[in-house]
Amino acid sequence: MAPKPKEKPKPAPASQPAIAVEDLFTTLNRHVQRSEYEQAVKVADQVLSISPNDEDAIRCKIVALIKADSIDEALLTMESSRRLQFDLSFFKAYCLYRQNKLNEALESLKGQEGNSATMLLQSQILFRMGKMDASLDIYQKLQKSKIESLEINLVAGLVSAGKASEVQGVMEALRVKATSSFELAYNTACSLIEKNKYSDAEQLLLSARRIGQETLMDENLADEDIETELAPITVQLAHVQQLLGHTQEAIEAYTDIIKRNLADESSLAVATNNIVSLKGPKDVSDSLRKLDRLIEKGSEPPSFHLARGLDLKLSSKQREAIYGNRVLLLLHSNKMDQARELVTALSDMFPDSVMPVLLQAAVLVKENKAGRAEEILGQFSEKFPDKSKIVLLARAQIAAAAGHPQVSAESLAKIPDIQHLPATVATLVSLKERAGDIDGAVSVFDSAIKWWSNAMAEDNKLNLIMQEAASFKLKHRRKEEAACLYEELVKSHGSIEALVGLIKTAAYTDIDKAEAYEKQLKPLPGLKSVDVDGLEKTSGAVHVESRPHVGITEPFEAKSKDKAKKKRKRKPRYPKGFDPANPGPLPDPERWLPKRERSSYRPKRKDKRAAQVRGSQGAVVKETPNANTKLNQLTNAKAAPQNAVAEPSKPSSKSSRKKSRN
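Treat the numbers as computed from the prediction; the structure is a model and nothing was measured.

1. Notes on the confidence of the model for the protein
No. 1: On average, residues of the protein carry a pLDDT of 80, and 82% of them reach 70 or more.
No. 2: Low confidence marks residues 623–662, where pLDDT is under 50. Its contacts with residues over four positions away, or in another chain, come to 21 contacts.

2. Focus: a nonpolar patch on the surface
No. 1: Judged by side-chain polarity, I496, V500 and L521 come together as a nonpolar surface patch covering roughly 240 Å² of accessible area.
No. 2: Position of V500 among the secondary structure elements: in helix α29 (residues 496–509).

3. Some details on the environment of E488
No. 1: Relative to the assigned elements, E488 resides in helix α28 (residues 479–493).
No. 2: Distance in space between the C-alpha atoms of E488 and N463 is 10.0 Å, their sequence separation being 25 residues.

4. Digging into the packing of helix α7 (residues 116–128) against helix α8 (residues 132–141)
No. 1: Viewed as axis vectors pointing N to C, α7 and α8 meet at an angle of 160 degrees, and their least axial separation amounts to 8 Å. As judged from the angle between their axes, α7 and α8 are roughly antiparallel. Taken as a pair, α7 and α8 cross one another with a handedness that is left-handed. Counting all contacts with α7, which are made through M119, L120, Q122, S123, Q124, L126 and F127, the residues of α8 involved are M132, A134, S135, I138, Y139 and K141.
No. 2: Of the residues that constitute the contact of α7 with α8, the class distribution is eight nonpolar, four polar and one charged.

5. As for the pattern of salt bridges
No. 1: Taken as a whole and judged by the stated rule, the model has 23 salt bridges.
No. 2: In this structure, the salt-bridge partner of R59 is E55, at a minimum N-O distance of 3.0 Å. Residue R59 and its partner E55 are both found in helix α3 (residues 55–67); the two are separated by four residues, about one turn of the helix.
No. 3: E55 sits in the partly exposed class, given a relative accessible area of 32%.
No. 4: For the salt bridge of D286 with K279, the shortest nitrogen-to-oxygen distance reads 3.3 Å.
No. 5: Via salt bridges that share partners, K279, D286, R289 and K290 belong to a single interconnected network.

6. Some details on a negative patch on the surface
No. 1: On the surface, E183, D218, E219, D223, E224, D225 and E229 cluster together into a patch of negative charge.
No. 2: Here the negative patch gets four residues from one element, more than from any other, and that element is helix α13 (residues 223–229).
No. 3: Looking at the secondary structure, you find E183 in helix α11 (residues 182–194).
No. 4: Note on E183: relative accessible area 33%, which makes it partly exposed.

7. Thoughts on the environment of R602
No. 1: Here R602 is to be found in the loop between α31 (532–537) and α32 (625–638).
No. 2: Note on R602: relative accessible area 64%, which makes it exposed.
No. 3: Within the structure, the side chain of R602 is placed 3.4 Å from the backbone oxygen of S599, a separation counted as a polar contact.

8. Thoughts on the packing of aromatic side chains
Here a ring pair, both rings aromatic, is described through the centre-centre distance and the interplanar angle of the planes.
No. 1: Counted under the stated rule, the structure contains six aromatic pairs.
No. 2: When the centroid spacing of 4.9 Å and the interplanar angle of 80 degrees are considered together, the rings of W451 and W452 count as edge-to-face.
No. 3: A residue is classified by how much of its surface remains accessible, and W451, at 40% relative accessible area, is partly exposed.
No. 4: One cation-aromatic arrangement involves K387 over F384; the distance from NZ or CZ to the ring centre is 5.4 Å.

9. Description of the nonpolar core
Note on soluble globular proteins: their nonpolar side chains tend to be buried together.
No. 1: Within the largest apolar cluster, 35 residues are counted, with the highest numbers of intra-cluster contacts made by Y254, L294, L306, I322, Y323, V327 and L346.
No. 2: Mapped onto this core, the elements with two or more residues apiece are α14 (231–243), α15 (247–260), α16 (265–279), α17 (284–292), α19 (316–332), α20 (336–349) and α21 (355–366).
No. 3: At six residues, α19 tops the list of elements feeding residues into this core.
No. 4: Y254 has contacts with V235, A238, H239, Q242, A271, N274, I275 and L278, leaving out every residue within four places of it along the chain.
No. 5: Judged by nonpolar contacts, the second largest core, of 34 residues, contains L150, V170, A189 and I233.

Rules used in this analysis
Residues numbered from 1 in each chain as written. Predicted model: local features only at pLDDT ≥ 70, side-chain atom pairs only at ≥ 80, totals over all residues. Heavy atoms only, no water. pLDDT = per-residue confidence, 0-100. Contact = heavy atoms within 4.5 Å. Patch = residues over 30% accessible without salt bridge, like charges linked within 9 Å, V, L, I, M, F, W, Y side chains within 5 Å. Areas by Shrake-Rupley, 256 points an atom, 1.4 Å probe, with all protein chains shown as cover. Salt bridge = Lys/Arg side-chain N within 4 Å of Asp/Glu carboxyl O. Helix = DSSP H or I, 4+ residues; strand = E, 2+ residues; numbered from the N terminus. Axes fitted to C-alpha atoms, helices over the stretch in contact; angles between N-to-C directions. Parallel < 35°, antiparallel > 145°, perpendicular 65-115°, else oblique. Left-handed = near helix turned anticlockwise from the far one by under 90°. Nonpolar A, V, L, I, M, F, W, Y, C, P; charged D, E, K, R; others polar. Buried < 20%, exposed > 50% of the residue type's maximum accessible area, 1.4 Å probe, protein only. Lys, Arg positive; Asp, Glu negative; His and termini not counted. Charge placed at Lys NZ, Arg CZ, Asp CG, Glu CD. Polar contact = N/O pair within 3.5 Å; in protein donor to acceptor, adjacent residues only side chain to side chain. Phe/Tyr/Trp six-rings, centres within 6.5 Å; stacked < 30°, edge-to-face > 60°. Lys NZ or Arg CZ within 6 Å of the ring centre and 35° of its normal. Core = buried A, V, L, I, M, F, W, Y, C linked by side-chain atoms within 4.5 Å.

And the structure:
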């Protein structure tokens, strides 16, 4: 039998619920003002129990949940309120942004009005996605709107987009100073680091820390909270010390940050990564332990992600650096399976980056598969020509180390903007010379000479390139071409080195030209009194070590014919079947020594039973002839000649006796 339904309570007057709801909203406002967001959620639920369709109560609850970092509950609340036809897409986009679901967040913002709040959130989403140019465009559109602290985000966007040189102009246009807030000072210092102005960046970071301490103290924050808030500035100061070459100071700063643990998670991760990079291959196991605190394996291998939500707080470049350093440490510690697994995962995590393919090549080189590494890098450079420069440089280095000079030269030749640089020219010439392509090496020199001849650079390298080209051509018996280069250098630059080279080169082909240019050389002092004809008739000067060479050496008399003629050098006679080109392993240098004097000699173990006394108790054992023989051997060993082969001394006399055994 069904239970009897309860009687419905009599409806209260219409004015009472309204008063109750107003009181609840007053309480809700008080909790929000005090940042008591959990209490605010409870009060909002009370309002919704009275008025389930109250839009203001739903919005207040969602905002309070977001403020309390209860993102999942906020999304559930929005999902349950979908039937009410409220426009909550902005809150949904923000929650998805907090969960790093960036594509879904952008999709949720579609159809929203282009107000300043929506544009600001959109720019933040694009910033986290790594689309710096698009994010920067929105920030520049927002300059006209009066958004508080917009310049902080704008400068951060410029630095991340690689436009640090524009920061100063933007700040002048906005009429703000770098020291107006510690956040702006920090971002401006980052722009100075990008422009390699490390000393100026250090001074501005120190100012940012001082301004931050004063600002946060005025807000009555505790000392530990202030230190945590200013941790990014402290880590960046240590990074500047690292860039300035003050390695020890940087290591001490990073270590202090990690030990005290008074920093946010992202700052601790950056400090850990930087100290690992400073140590390099030293103490690999300790560096791996440090990074393993930041990185954890996913539940579905080979998926990897940073621990404690660091992937949401770190930029793409920072995450890429941490993963890359871990792969390098795994290679140094010969943990090839883990390195291979992580590299495979990185290809999916950073599909637009060059780093995964470079690390994949490093793994293959470690496995002695240089040819496969060259093939992978070559395919990547053809597929992504705009990212090919660093890949081709890596391919050239791997091929050169593997003994493939032609492949290395081809890789370098595919980078057009470095072909004229002296270092590239020298490397290409050396590689082509190793490969036997002398004509190719000469063409490299000719191309470089042509480029520098038309260049309007202040630091022109034409003289240097022509000098090296002439020397190379002379070395490979292209005397006429070398002479032309030397002659052009003498006419254009008046170089003494080129003049000497021209005289030496022309002496092979045109004696008259060599003598004509020889007259341009300055006479050497102290040679006027030398009889050249007499010097030519002498047999040469003899070096005497007992007295110093002072003045001009007098000519020696010719040696008499009666002196014994020098012995003619004969070819060595090898044993039958011996190939001098492949001699095989070297013979043992101690093969002529007695066995006991060789370093590999080990004496036989002493038979302990021989020393045991046999017979009844108190019996006297007669000396055997062997004892006298051994005594004589010991005596002879002590009186060994000084030119005998030295043996390593032993601390025990017992081992010394063992050495003297037959």
